[in-house]
Amino acid sequence: MTSGIAVLGGTFDPVHYGHLRSAVAVRDALLAKEVRMIPSLSPPHRDPPESSADHRVAMLKAAVEDEPGIVVDDRELYRDGPSYTVDTLRSLRSEVGTDTTIYFVMGADAFCTLDQWYRWQEIIEQAHIVVLKRPGFLLGIPDEMQSWMNDKTVVSGASPSDSPHGNVIFLELEQVPVSSTLVRRAIHQGSSTEEMLPAAVIQYIRCNSLYEQGFSNAER
Ligand code: ATP
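Since the model is a prediction, treat every value here as computed from it, not as a measurement.

S.K.: Would you mind going over the site of the ligand with me for this structure?
M.R.: Among the 17 residues in the neighbourhood of the ligand, the closest are listed as His 16, Val 176, Val 178, Ser 180 and Thr 181. Between the ligand and Ser 22 there is a distance of 3.5 Å, counted from a nitrogen atom to a side-chain nitrogen or oxygen. In this structure, a nitrogen atom belonging to the ligand sits 2.8 Å away from a main-chain N or O atom of Val 178. Calculation on the ligand without its partners gives an accessible area of 600 Å², and the protein chains cover 78% of this total. When residues of the shell around the ligand are traced back to their parent elements, those giving at least two are strand 1 (5–10), helix 1 (17–30) and helix 6 (180–189).

S.K.: Is there a simple way to think about the environment of Glu 67 in this case?
M.R.: Position of Glu 67 among the secondary structure elements: in the loop between helix 2 (53–64) and strand 3 (70–72). Along the backbone, Glu 67 and Pro 49 are 18 residues apart, and their C-alpha atoms lie at a distance of 25 Å. Not counting the four nearest positions on each side in its chain, Glu 67 is found in contact with Val 24 and Arg 27.

S.K.: Can you walk me through the packing of aromatic side chains in this structure?
M.R.: Describing an aromatic ring pair means giving the distance of the ring centres and the angle of the ring planes. Scanning the entire structure with this criterion turns up four aromatic pairs. Residues Phe 104 and Trp 117 carry aromatic rings whose centres are separated by 6.2 Å and whose planes lie at 70 degrees to one another, so their mutual orientation is edge-to-face. Taken together, the positions of Phe 104 in strand 4 (residues 102–107) and Trp 117 in the loop between helix 4 (108–111) and strand 5 (128–133) put the pair 13 residues apart, joining distant regions of the chain. Each member of the pair, Phe 104 together with Trp 117, is buried.

S.K.: Before we go on, may I ask you to explain helix 6 in this structure?
M.R.: An α-helix turns once every 3.6 residues. As a result, residues three or four positions apart point the same way. Listed in full, the buried residues belonging to helix 6 are Ser 180, Val 183, Arg 184, Ala 186 and Ile 187. All buried residues of helix 6 project into a common sector of 160 degrees when viewed along the axis, lining one side. Buried residues along helix 6 sit in contact with helix 1 and helix 7 (199–207).

S.K.: Is there a simple way to think about the side chain of Thr 100 in this case?
M.R.: With respect to the secondary-structure elements, Thr 100 resides in the loop between helix 3 (85–96) and strand 4. You can call Thr 100 buried: its relative accessible area is 16%. Here Val 96 takes part through its backbone oxygen, which lies 3.2 Å from a polar atom of the side chain of Thr 100. Residues contacting Thr 100, with those up to four places away along its chain left out, are Ile 5, Lys 33, Arg 93 and Pro 164.

Parameters and conventions
- Residues numbered from 1 in each chain as written.
- Predicted model: local features only at pLDDT ≥ 70, side-chain atom pairs only at ≥ 80, totals over all residues.
- Heavy atoms only, no water.
- Near = heavy atom within 4 Å.
- Polar contact = N/O pair within 3.5 Å; in protein donor to acceptor, adjacent residues only side chain to side chain.
- Areas by Shrake-Rupley, 256 points an atom, 1.4 Å probe, with all protein chains shown as cover.
- Helix = DSSP H or I, 4+ residues; strand = E, 2+ residues; numbered from the N terminus.
- Contact = heavy atoms within 4.5 Å.
- Phe/Tyr/Trp six-rings, centres within 6.5 Å; stacked < 30°, edge-to-face > 60°.
- Buried < 20%, exposed > 50% of the residue type's maximum accessible area, 1.4 Å probe, protein only.
- Arc of directions from axis to C-beta.

Here is the structure:
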């Protein structure tokens, strides 16, 4: 039996095996009927992406083409202003109804700074928050968030949920040691990216001459 929709947000500039293996692991662990990869247009907390939204969506589509249950959802790209997660989840909730379980998936590092996000306490009114944690790594959760968590149901490991939102779920996953920054750097330096991302994405990057220019000083 499968249920629920998992949401993985990011800039995906470009998508890589770290994103893709997390999506598959989350789908399988939570028995989610769908994992939605939602690229952001203008993330509030970081520099703008190097590639256009159209390119990032095209690379995502090429990457998930043969992966059952993993789909690209471009709703943030057609909204004005910053991409706030709470708005995205509200929009998804209004589409799928109140009974469908939604899992909002985030890395442990991002979770530890969640209290800086716009209307962060309202996120859990729309979805469960799933925190991907590396085995053996401790979390540095700030005090304000710790007291917020005290009246939440906190679950370790995947277990069937009886509510469509409201829990904090910790999942332990081995991380693939890759990031989009490393991919961009490798392309800029002319190094191989074969172990970092699928062949279809490498092909797309080559055909469109992406990431060959415009490396920021911060990434050097
Ligand atoms: P950049 O290097 O440009 O900052 P990134 O590789 O971190 O990019 P994002 O698109 O910013 O990728 O991240 C989207 C989501 O994917 C985040 O929740 C992030 O924690 C997660 N993620 C990124 N890299 C990995 C990885 N190697 N393994 C598991 N999750 C990852």
